[in-house]
Every structure is written in structure tokens, then in C-alpha cells.
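Structural features, examined
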Amino acid sequence: MSVEITWWGHATCTVEDSGVRFLTDPLFAGRLGHLRRRRGALPPPEAAEADVALVSHLHADHLHLPSLARLAPGTRLLVPRGAPRAVPGLARIAGVRGLTVTEVAPGEEVAVREGVRVRAVSARHDGRRLPFGPQRAPALGYVVQGEAVTYFAGDTGLFDTMAEEVGPVDVALLPVGGWGPYLGPGHLDAGRAARALAALAPAAAVPVHYGTYWPIGMDAVRPHEFHAPGEEFARRAGRLAPKVTVRVPDHGERVRLP
């Protein structure tokens, strides 16, 4: 039993399990507003190849319309309930590109094919479509259940019922940073992500959501906050969850996890 993870940068990963390709929070831009891609080449065209794309919440670095427009016709798109109403461009792109949009809320499950399903779980994160608000939909994480069970946390803070809601998992994809030198509420840094890992107790983990985008003009401001979170998470996880195998891939690197 194994799952293959390719980290394309930020929160964008390909999860391959049971012959199904899942793509998390597709973001293929070199620049997004005041953010510039500072590490890792832009993902190649095959990065947009997926059977199912999972969108965790409405923020533009997670629900990125130009990146969704690169998905192939027939791709199934799972989004938080209310997302098409909050982001009208989502329905337009889905219609033009022939995407199948399924809205989900925490606790709901979607069958992908026999033996493969996805369950939405809650996240503690701002659900607005910033900066436009007050359009809102719940921020989500997703549990992909195939040969392995993989938890993609999206963007979230640490909360008491996380492990109970998520349930037993084999692999955890956890955010460990952000796109600026300071993380506000509703985020995991390396330390909080290691605490989450200890509670979840998977067999393996991959840190995501760090080391890719950085605000223009802030290259010299606390650069360790940009470069360090992945290895810092691995170091802290070694103390708090020593039985968990932590892999810290480079951008575009594919890893197989037992």
C-alpha cells in the first residue's frame, strides 16, 4: 500500500492513489497580486492533469481561477459549499472548460470510483473571498481514501477536534508556513503543524504551503520565514512524533510514501 505525492509549490500537490490523480489547490502562476514565485520553476503542463481537483477555500492563492482554467475537460472539481455563488467566475470557467463542480461541506463524502472516495472535513481558517468579502464559504480539508488514507489540511489553524474529525490517516499534507513573514490566526507554523502531526499520528507527512511565494520587495525581511519552515517542521516532528516519516520534497519532486 502506497501513495505518491508530487509537491508543485505552495499548497499545490498531486496525490496519486489507486490509479486516480488528485490535485490540491491548483496554483500555477508566476505572480499573484503582490506575491511573486521566488522558488521552484513553474509547474509543467502535466501538473494540471488530474481526475479530481480539491479546492480548500476561497482565497485566491487556493481558488485561483486562471489555474483552474488549465484543467482538462471532464475534471471533477470539489469546492466548499457556496463557492460558485461567492465566486461567479468559478461557474463560468467550469462551463467553458467542461469541469464538473461538486459542492461539499464538512462531513460529506464523494465517491470517485469503486474503492476511492473523498471526505470533506472542517478547517479553522477565514472562508471569505478576500479582498472582496463578505462572500463566504467554509474552509475545508479533505481526506482521500483509496489504498492509503491521505489528509490534505488546506489552510487551517490547530483545533482540539482535528484528529477526531480527520480520523486515522496514513499520510498528512500539512501547511507549515505562508507567503509573508507573519502568520495570522487560522494558520499552522512549523511548531503548530508538528503538534497537529503528533495528534494525527500518520505513518508519513509532507510539509506544504511555504517557500514558494513571497511579497514583492520583502526579500530581505526575515528571509528565514520563507526558507526554513519545511526543515523546521521535520526537526520539530522528530521530537513530537518520532514514529512519523517526514519527507521534505523539493519543488516538482515526487515521493512515494508507505
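Everything quoted here is computed from the prediction, not taken from an experiment. (Residues numbered from 1 in each chain as written. Predicted model: local features only at pLDDT ≥ 70, side-chain atom pairs only at ≥ 80, totals over all residues. Heavy atoms only, no water.)

Points about the pattern of salt bridges
Applying the stated criterion across every chain, the model contains 9 salt bridges. Here Arg254 makes a salt bridge to Glu4, at a shortest N to O gap of 2.5 Å. Taken as a pair, Arg254 in strand β17 (residues 254–257) and Glu4 in strand β1 (residues 3–9) lie far apart in primary sequence, 250 residues in all. The class for Arg254 is partly exposed, based on a relative accessible area of 49%. In this structure, Arg192 and Asp189 form a salt bridge, with 3.4 Å as the shortest nitrogen-oxygen distance. The class for Asp189 is partly exposed, based on a relative accessible area of 26%. Here the salt bridges share partners, and the residues they tie into one network are Glu4, Glu16, Arg21, Arg254 and Arg256. (Salt bridge = Lys/Arg side-chain N within 4 Å of Asp/Glu carboxyl O. Helix = DSSP H or I, 4+ residues; strand = E, 2+ residues; numbered from the N terminus. Buried < 20%, exposed > 50% of the residue type's maximum accessible area, 1.4 Å probe, protein only.)

Things to note about the sheet that holds strand β14 (residues 204–208)
Strands pair in a sheet through their backbones, by hydrogen bonds, and they do so in one of two ways: parallel or antiparallel. Read from one edge to the other, the open sheet built from 7 strands follows the order β9-β10-β11-β12-β13-β14-β16, with strand pairing classed as mixed. The two strands at the open ends of the sheet, each matched to only one other strand, are β9 (109–113) and β16 (245–246). Contacting β12 (149–152), β13 (171–175), β14 and β16, helix α5 (residues 190–200) runs over the sheet at an angle of about 160° to β13. (Pairing = 2+ DSSP bridges. Contact = heavy atoms within 4.5 Å. Axes fitted to C-alpha atoms, helices over the stretch in contact; angles between N-to-C directions.)

Looking at the packing of aromatic side chains
Under the criterion given, the structure shown has 1 aromatic pair. Taking the centre distance of 5.2 Å and the plane angle of 10° together, the rings of Trp7 and Tyr210 count as stacked. Linking Trp7 in strand β1 with Tyr210 in the loop between β14 and β15 (213–215), this pair joins segments that are 203 residues apart in sequence. The same class applies to Trp7 and to Tyr210, which are both buried. (Phe/Tyr/Trp six-rings, centres within 6.5 Å; stacked < 30°, edge-to-face > 60°.)

A word on the side chain of Thr24
Residue placement: Thr24 occurs in strand β3 (residues 20–24). Looking at Thr24, its side chain comes within polar contact range of the main-chain oxygen of Ala11, at 2.7 Å. Here the side chain of Thr24 touches Cys13 through a polar contact of 2.8 Å, landing on its backbone nitrogen. Among residues more than four places away in sequence, those in contact with Thr24 are Ala11, Thr12, Cys13, Leu54 and Phe152. (Polar contact = N/O pair within 3.5 Å; in protein donor to acceptor, adjacent residues only side chain to side chain.)

A short note on helix α3 (residues 88–97)
The set of residues buried in α3 consists of Gly89, Leu90, Ile93 and Ala94. Buried residues of α3 fall within an arc of 135° about the axis and therefore sit on the same side. Relative to its buried face, α3 has exposed residues pointing more than 90 degrees away, namely Arg92, Gly95 and Val96. Here the buried face of α3 lies against α1 (65–68), β7 (76–80), α2 (83–86) and β8 (100–104). Two residues or fewer after α3 comes Gly98, characterised by a positive phi angle close to 70°. (Arc of directions from axis to C-beta.)

Some details on the pairing of strand β2 (residues 12–17)
For β2, a buried count of 6 out of 6 residues is recorded, marking the element as mostly surrounded by other parts of the structure. Where burial is concerned, the two faces of β2 agree: the one with Thr12, Thr14 and Glu16 and the one with Cys13, Val15 and Asp17 are both buried. Bridging between β1 and β2 involves 5 bridges; their strand directions are antiparallel. Counted as the bridge partner of Glu4 is Glu16 from β2. Pairing geometry for β2 and β3, over 5 bridges, is antiparallel. Pairing of Val15 across the sheet is with Phe22, part of β3. Counted between consecutive antiparallel strands, the loop separating β2 from β3 contains 2 residues, among which Ser18 sits at a positive phi close to 55°.

Some thoughts on the environment of Glu4
Residue classification places Glu4 among the buried positions, given a relative accessible area of 15%. Among residues more than four places away in sequence, those in contact with Glu4 are Thr14, Val15, Glu16, Arg254, Val255 and Arg256.

None of the figures reported here should be taken as evidence of function without further support.
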